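Close look at the chain arrangement
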Amino acid sequence: MHRAPHGQQPAASGSARIWILGVVVVVLVAALLLFGIMPRLEARDALKKESQSSNVPTVSVTKPKTRDGAQELLLPGNIQAFMDTPIYARTNGYLKHWYADIGARVKAGQLLAEIDTPEIDDQLQSARADLATATANYQLSEKTSARWQQLLTSDSVAKQEADEKMSDAQAKKAVLDSARSNVARLEKMQSFKRIYAPFAGVVTARNIDVGALIDAGSGGGGKELFHVAAIDKLRVYVNVPQAYSRVTVPGTPAELTLGEFPDRRFAGKVVRTSNAIDAATRTMLTEVDLDNPNGELMPGAYAQVHIKTQSGKPAMIVPINTLMFRPDGMQVAVVGNDQKVALTKVVLGRDFGTEVEIISGIDGNAQVIVNPSDSMINGTQVRVVKEAPKAEKPAAPAAPAAPAAPAAPAAGEKKAG
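Quick caveat, the model's predicted, so the values are computed rather than measured. (Residues numbered from 1 in each chain as written. Predicted model: local features only at pLDDT ≥ 70, side-chain atom pairs only at ≥ 80, totals over all residues. Heavy atoms only, no water.)

Per-residue pLDDT for the chain averages 82, and the proportion of residues at 70 or more is 83%. For the chain, the element scoring lowest by mean pLDDT is helix α1 (residues 8-54), at 68; strand β13 (residues 283-291) scores highest, at 95. This model gives residues 388-417 a pLDDT under 50, and the stretch forms one contact once residues within four places in sequence are excluded. (pLDDT = per-residue confidence, 0-100. Helix = DSSP H or I, 4+ residues; strand = E, 2+ residues; numbered from the N terminus. Contact = heavy atoms within 4.5 Å.)

Right, here's the structure in full:
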């Protein structure tokens, strides 16, 4: 058998070992790259991304709540009678009798009291006597003048004398007219001895009694005799804030609530406004009228007035912590689809405490940032997260559960004890 030369086989074996060693080294290097360097590279990339994302502020957003354009203003008001007047005497005398006391319902023209006026009666009697005298004197002078005018036609008397008789008749006529006027004046004064109700209503005050001295007029010694109020219809004056002066117009529905009627609302409406803003209070005086056929509501009572206005467009309501107070006005920070901030100027309406009304500036789809930072400017890149849910009222603690009965021992187990 032929044999290989001595020493060749060991050389071949050494080459195989070298090749195997190279493969092992390559595998070790690949394993080192795979399990050592690559995780470090990945960790470095993750750290880089995290550091980049940490520079972008995270914000919570909310969308405005939309409310109907109808608004209800709640304002304090004092109920007043539709007509309310004090009644004074127009003549002097003594109270003879009164016919209506407080709380009495009277009709227009109803007799309330009578005054005894002896001085006026005497003056009227004297004036009537003077009138009779003036009438007789005028009649005589008129006849005399007529006769002299007839004699003048035949030149029986001088024209001067005829003119004097005519002038005397005219003077007596003036005296007669004056006497008639004086009688008429005293008759009117005498008619004032009867006090009548000027309109239908309720007597709310009676300040005189029989025998009391009555002085005419409302000034000086004049004393109010009665006070009458018409309560079948009432009026309430309220001061509407300037912000709602344009939507509070005549015809606007209104309702009244009172503490003594907790479950009732009395319907009325705005009938007129002052069309002017009070510079001291920045309010507009407004009158609300309502019917009171049963007399349930009383003049002078305090009431809450609910005025239902219609602004014509829905209102946007946002939390108070979305507002940004800037030198150029009130603003909110809105996040766009590109996740960038846009500072938007807004006009505020009503203040509800934790929420405010936005009259203009944003719509119902705006994403408004909650608690924006003071350093936020236009174009700031942000990352939006969901707003934290509002805290709910904690549930009542559950009743303690009854202790569980001991479990029966399993088959093969020995019961303890």
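Picking up after the structure, the text goes on.
This part is about helix α2 (residues 118-152). Residues spaced three or four apart along an α-helix point in a common direction, a consequence of the helix completing one turn every 3.6 residues. Compared with an ideal rise of 1.5 Å per residue, which puts 35 residues at 51 Å, α2 spans 51 Å between its outermost C-alpha atoms and is within 8% of the ideal. All of the buried residues in α2 are Ile120, Leu124, Ala127, Leu131, Ala134, Tyr138, Ser141, Ser145 and Leu152. Considering only its buried residues, α2 is in contact with α3 (159-191). (Expected span 1.5 Å × (residues − 1). Buried < 20%, exposed > 50% of the residue type's maximum accessible area, 1.4 Å probe, protein only.)

This paragraph deals with the pairing of strand β12 (residues 261-273). As defined by bridge partners, strand β11 (residues 253-258) adjoins β12 across five bridges and the pair is classed as antiparallel. Across the sheet, residue Ala254 finds its bridge partner in β12, namely Gly268. Between β11 and the antiparallel strand that follows it, β12, lie two residues. Here β12 runs beside β13; their pairing, made up of four bridges, is antiparallel. Bridge assignment links Val270 to a residue of β13, and that residue is Val288. (Pairing = 2+ DSSP bridges.)

On to the pairing of strand β19 (residues 347-351), then. Strand direction decides the pairing type here: β19 and strand β20 (residues 355-360), joined by three bridges, are antiparallel. Looking at the pairing, Val347 lines up with Ser360 of β20.

Further remarks concern the sheet that holds β19. The sheet built from four strands is open, its strands ordered β2-β15-β20-β19 with antiparallel pairing. Edge positions in the sheet fall to β2 (65-67) and β19, since each of these pairs with one other strand and no more. Taken over all neighbouring pairs, the strand axes of this sheet differ in orientation by 40 degrees on average, direction set aside. Where β2 meets strand β15 (residues 315-319), three bridges bridge the pair, whose relative direction is antiparallel. The residue bridging Arg67 from the neighbouring strand is Ala315, located in β15. (Axes fitted to C-alpha atoms, helices over the stretch in contact; angles between N-to-C directions.)

The subject of this paragraph is the sheet that holds strand β4 (residues 93-98). Sheet strands pair via backbone hydrogen bonds, and the direction of the pair is either parallel or antiparallel. Sheet architecture is open: four strands sit in the order β7-β6-β4-β9, paired in antiparallel fashion. Two strands close off the open sheet at either side, each with one partner strand: β7 (194-196) and β9 (213-214). Pairing of strand β6 (residues 111-116) with β7 involves three bridges; the strand directions are antiparallel. In the strand pairing of β7, Glu114 is matched with Arg194.

In this section: the pattern of salt bridges. On inspection of all chains with the given rule, the structure shows 14 salt bridges. In this structure, the salt-bridge partner of Lys65 is Glu355, at a minimum N-O distance of 2.6 Å. With Lys65 in strand β2 and Glu355 in strand β20, this residue pair connects regions lying 290 residues apart in the sequence. The class for Lys65 is partly exposed, based on a relative accessible area of 38%. The closest approach of N and O atoms between Asp177 and Lys173, which form a salt bridge, is 3.1 Å. Separated by four residues within a single helix, Asp177 and Lys173 lie in helix α3, roughly one turn from each other. Under the relative-accessibility criterion, Lys173 is labelled partly exposed at 29%. What emerges from the salt-bridge pattern is a single network uniting Arg235, Arg272 and Glu287. (Salt bridge = Lys/Arg side-chain N within 4 Å of Asp/Glu carboxyl O.)

Turning our eyes to something else, we now look at the packing of aromatic side chains. Taken as a whole, this structure holds one aromatic pair when the rule is applied. Its guanidinium or amino end placed over the ring of Trp98, Arg206 lies 4.0 Å from that ring's centre, counting from NZ or CZ. One Lys or Arg, Arg235, reaches over the ring of Phe82 and ends 4.2 Å from the middle of that ring. (Phe/Tyr/Trp six-rings, centres within 6.5 Å; stacked < 30°, edge-to-face > 60°. Lys NZ or Arg CZ within 6 Å of the ring centre and 35° of its normal.)

Position of Thr273 relative to the elements: it lies in strand β12. Overall, Thr273 belongs to the buried group, its relative accessible area being 17%. A polar side-chain atom of Thr273 sits 3.3 Å from a polar atom in the side chain of Asn275. The residues contacting Thr273, other than those within four sequence positions of it, are Thr248, Met284, Leu285 and Thr286. (Polar contact = N/O pair within 3.5 Å; in protein donor to acceptor, adjacent residues only side chain to side chain.)

Moving on: the packing of α2 against α3. The description of two helices packed together rests on the angle between their axes and the distance between the axes. Remark: α2 packs on α3, axes separated minimally by 7 Å, with the N-to-C direction vectors making an angle of 160 degrees. Classified by the interaxial angle, the pair formed by α2 and α3 is roughly antiparallel. The handedness of the crossing between α2 and α3 comes out as left-handed. Tallied by class, the residues present in the contact of α2 with α3 amount to 17 nonpolar, nine polar and twelve charged. (Parallel < 35°, antiparallel > 145°, perpendicular 65-115°, else oblique. Left-handed = near helix turned anticlockwise from the far one by under 90°. Nonpolar A, V, L, I, M, F, W, Y, C, P; charged D, E, K, R; others polar.)

Another point: the nonpolar core. Core analysis: the biggest nonpolar cluster contains 25 residues, and Ile79, Val236, Leu256, Leu258, Leu297 and Ile307 have the highest contact counts within it. Counting residues per element, the ones that place at least two in this core are β3 (70-87), β10 (226-241), β11, β12, β13 and β14 (302-310). Here this core gets six residues from one element, more than from any other, and that element is β10. Those residues within four positions of Leu297 in sequence are excluded, and the remaining contacts are Ile79, Leu234, Leu258, Phe261, Phe266, Leu290 and Asn292. Judged by nonpolar contacts, the second largest core, of 18 residues, contains Leu95, Ile208, Val228 and Ala230. (Core = buried A, V, L, I, M, F, W, Y, C linked by side-chain atoms within 4.5 Å.)

This part covers a nonpolar patch on the surface. On the surface, Trp19, Ile20, Val23, Val24, Val27 and Leu28 cluster together to form a nonpolar patch covering roughly 610 Å² of accessible area. Tracing the backbone shows Val27 in helix α1. (Patch = residues over 30% accessible without salt bridge, like charges linked within 9 Å, V, L, I, M, F, W, Y side chains within 5 Å. Areas by Shrake-Rupley, 256 points an atom, 1.4 Å probe, with all protein chains shown as cover.)

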